[in-house]
Amino acid sequence: MYYLTFFMKCMKNKFRFFLLPLDKKASILEKNKLYFLAGILYMELKNYLKAAECFNITHSYRHLILVYQKLGLYSKAIEIADQKKYYKIGAAICEKINNVKKAAYFYSYFKPLYAARLYKNEHFFYEAGECYLKIYQLSSAIECFKNCEDLSKRSEGLKQLEEFAAVLYFTKHYDDAFKLFIKLGDYYSALECAKKLKESILIRQMSLLIGNTEAQNKNYLVAAKFTEPYDKKKALLYYYLGQAKTDAIRLLVEQSNYEKAFNLCIHHNDLDLAYTLANTYNIPLTPAACSG
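Everything quoted here is computed from the prediction, not taken from an experiment. (Residues numbered from 1 in each chain as written. Predicted model: local features only at pLDDT ≥ 70, side-chain atom pairs only at ≥ 80, totals over all residues. Heavy atoms only, no water.)

*Asks:* Explain the overall build of the protein chain residue by residue, including any values.
*Replies:* Looking only at helices and strands, the protein chain features 21 helices and zero strands. Relative to the globule expectation of 19 Å for 292 residues, the C-alpha radius of gyration of the protein chain, 38 Å, shows a markedly less compact shape. Dimensions of the protein chain, computed from C-alpha atoms along their principal axes, come out at roughly 130 × 35 × 25 Å. Per-residue burial over the protein chain gives 38% buried out of 292 residues. (Helix = DSSP H or I, 4+ residues; strand = E, 2+ residues; numbered from the N terminus. Rg over C-alpha atoms; globule rule 2.2 N^0.38 Å. Buried < 20%, exposed > 50% of the residue type's maximum accessible area, 1.4 Å probe, protein only.)

Given below as structure tokens:
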């Protein structure tokens, strides 16, 4: 409507408008509410404040960002770029003024790998981890989250990966879930994936790994439970360390080590069980045996 009205005025004045100097043209366009065209002319005149007013009225944000740059109002330009999703322009501005973190933020929307590298170089590990997670570079994401000095951010980042792994598991992507749980050090969940995959070698490896880890934490009974099906000798050691006499005796009997089982009963002064074992398995009641 405004353009048509202005065109009619130009016709009436025999298009003398086009012979006027730029400042007059800009002023006339503004008065006729043709703000975008007025803004373009004000930019040519380097009257950036007036150009900003015009572009703001018409919501011409791309041009408004450019004007704010010309005025040196980079924070305003970046703010508009963020609000209106001009991410490429925002990234270019931030790189120009060497605001690496904010540049990485903008790049994360369209070049997440590059954004991750920028964040990582500046030691913003949590943000880098989120970018890597966005493009499914899970090993790099784990590395970054584990490097977070802020423990709450480290925890939050790893929690996101745990949730991602859980989604993989419940959507039956057991192989991918298994690999991610291993990288996270969640061997219990990795074992469940191995069971779903019915991979006997992986089940054995995970069970022994859990046993070794629990033993290091002095959880000897748990360690023995996971170790026993695959390494009875080591499981027996864990039962000894955990003072689980009954399980140790049971395991010795299953291995036909009757005399050792008998001696263990004597050592713990469980005479009833000792004599039961002696009678059942014909263990000679020698003084040496009775003394353990």
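*Asks:* So what about the confidence of the model for the protein chain? Which residues, and what values?
*Replies:* The share of residues in the protein chain with pLDDT of 70 or more is 90%, and the mean pLDDT across the chain is 89. Across the protein chain, the secondary-structure element scoring lowest on mean pLDDT is helix α21 (residues 287–290), at 50, and the one scoring highest is helix α8 (residues 100–107), at 98. (pLDDT = per-residue confidence, 0-100.)

*Asks:* Break down the packing of helix α15 (residues 200–216) against helix α16 (residues 220–227) for me, citing the residues and quoting the values.
*Replies:* In a pair of packed helices, the angle between the axes and the distance between the axes together describe the arrangement. Running from N to C, α15 and α16 cross one another at 165°; their axes reach a closest spacing of 8 Å. Relative to α16, the element α15 lies roughly antiparallel. Judged by the twist between their axes, the crossing of α15 over α16 is left-handed. Contacts between α15 and α16 pair Ser207, Leu208, Ile210, Gly211, Glu214 and Ala215 from the former with Tyr220, Val222, Ala223, Phe226 and Thr227 from the latter. Of the residues belonging to the contact of α15 with α16, the class tally is seven nonpolar, three polar and one charged. (Axes fitted to C-alpha atoms, helices over the stretch in contact; angles between N-to-C directions. Parallel < 35°, antiparallel > 145°, perpendicular 65-115°, else oblique. Left-handed = near helix turned anticlockwise from the far one by under 90°. Contact = heavy atoms within 4.5 Å. Nonpolar A, V, L, I, M, F, W, Y, C, P; charged D, E, K, R; others polar.)

*Asks:* Give a description of the nonpolar core that names residues and reports values.
*Replies:* Ranked by internal contacts, the top residues of the largest apolar core, which has 67 residues, are Leu161 and Leu180. If near-sequence neighbours (up to four positions away) are discounted, leucine 180 is found in contact with Leu138, Ile142, Leu161, Phe164, Ala165 and Leu168. Among the nonpolar cores identified, the runner-up in size contains 23 residues, and Tyr220, Ile249, Cys265 and Ile283 belong to it. (Core = buried A, V, L, I, M, F, W, Y, C linked by side-chain atoms within 4.5 Å.)

*Asks:* Run through the pattern of salt bridges, naming residues and quoting values.
*Replies:* One pass over the full model with this rule turns up 10 salt bridges. Residue lysine 153 pairs with glutamate 127 through a salt bridge whose shortest N-O separation is 3.8 Å. Remark: glutamate 127 occurs in helix α10 (residues 125–134) and lysine 153 occurs in helix α12 (residues 151–170); sequence separation between them is 26 residues. Residue classification places glutamate 127 among the buried residues on the basis of a relative accessible area of 17%. One network of salt bridges, in which partners are shared, links Glu228, Asp247, Arg250 and Glu254. (Salt bridge = Lys/Arg side-chain N within 4 Å of Asp/Glu carboxyl O.)

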